Amino acid sequence: SGEISLAFIANDSLDPYEAKSKSNQEIDRLMYDGLVRINNNFEAENVLADKITVSGTSVVVKLRSDARFTDGTVVTAEDAAYSISKAKSSEGMQYFSNLSNINSYKAEDQNTLSITLSNPDDYFENFLDFPIIKKGTDGQKNSDKKAIPPIGSGRYGFKHDGGSYSLEANTSWIGGSVRIAKINLVNLPDNDAISHAVSTGRIDIYYSDL
């Protein structure tokens, strides 16, 4: 039908640097891309990055010029730098420790991000899978004064219409078209509710890393 339903927790954030629940963290993977993604061989593959050069403590990332957020705006090095600042302040999350070797960073121009490491790391590009959010869109609220997640460049964009929540396909996604046009988000606050929703068909799929 082009639609499926997944579980999420409405009282938890969908900001990738604030989400606490496993359900919402998995939803975030649909909404946000990193500069790279890690493949099944634990190797970094470029996503929003076009080229990454690691030399000693110097890292230079060239972003793809055709990368777009779900609102159609260009993904820039300023957005990547802002996302690093969010990641480095998200103590307790994996991105915080992954980027602890960063000493400084800045956007050199629209498509160039420079990073200086405290210590050389030939495999540092593997840590560049942190979610890129559009600068300044975190902390937004809708007309009902409810928090809405920051804008990402992933396969789906977040929609909130009254009491219903959904993800809609990002037609500008850098990875091409997606086969599922809409994902309905069902508010299920605990594992018992999720288990019941799976058995009754209220949601279509749920993943649990036992």
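S.K.: What's the story with the pairing of strand β6 (residues 102-109) in this structure? I'm lost.
M.R.: Every regular strand shows the same layout, with side chains that alternate between the two sheet faces. As paired elements, β6 and strand β7 (residues 112-117) share 6 bridges and run antiparallel to each other. Note that in β7 the partner of Ser 104 across the bridge is Thr 116. Between β6 and β7, which pair antiparallel and follow one another directly, the connecting turn spans 2 residues.

S.K.: Help me understand the pattern of salt bridges in this model?
M.R.: Two side chains of opposite charge can pair, provided their charged atoms sit close to one another. Under the definition given, this model contains 10 salt bridges. Put simply, Asp 15 and Lys 86 hold a salt bridge, and the shortest N to O gap is 3.5 Å. With Asp 15 in the loop between β1 (3-8) and α1 (22-31) and Lys 86 in helix α2 (residues 77-88), the pair connects residues that are 71 residues apart, well separated along the chain. No difference in accessibility class separates Asp 15 from Lys 86, as the two residues are buried. In this structure, the salt-bridge partner of Asp 66 is Arg 64, at a minimum N-O distance of 3.0 Å. Looking at Asp 66, the relative accessible area reads 40%, which means it is partly exposed. Residue classification places Arg 64 among the partly exposed residues on the basis of a relative accessible area of 27%. Each of Asp 15, Glu 18, Lys 86 and Asp 138 takes part in a single network of salt bridges with overlapping partners.

Conventions used here
- Residues numbered from 1 in each chain as written.
- Predicted model: local features only at pLDDT ≥ 70, side-chain atom pairs only at ≥ 80, totals over all residues.
- Heavy atoms only, no water.
- Pairing = 2+ DSSP bridges.
- Helix = DSSP H or I, 4+ residues; strand = E, 2+ residues; numbered from the N terminus.
- Salt bridge = Lys/Arg side-chain N within 4 Å of Asp/Glu carboxyl O.
- Buried < 20%, exposed > 50% of the residue type's maximum accessible area, 1.4 Å probe, protein only.

Such coordinate-based values are descriptive only and should not be taken to indicate function.
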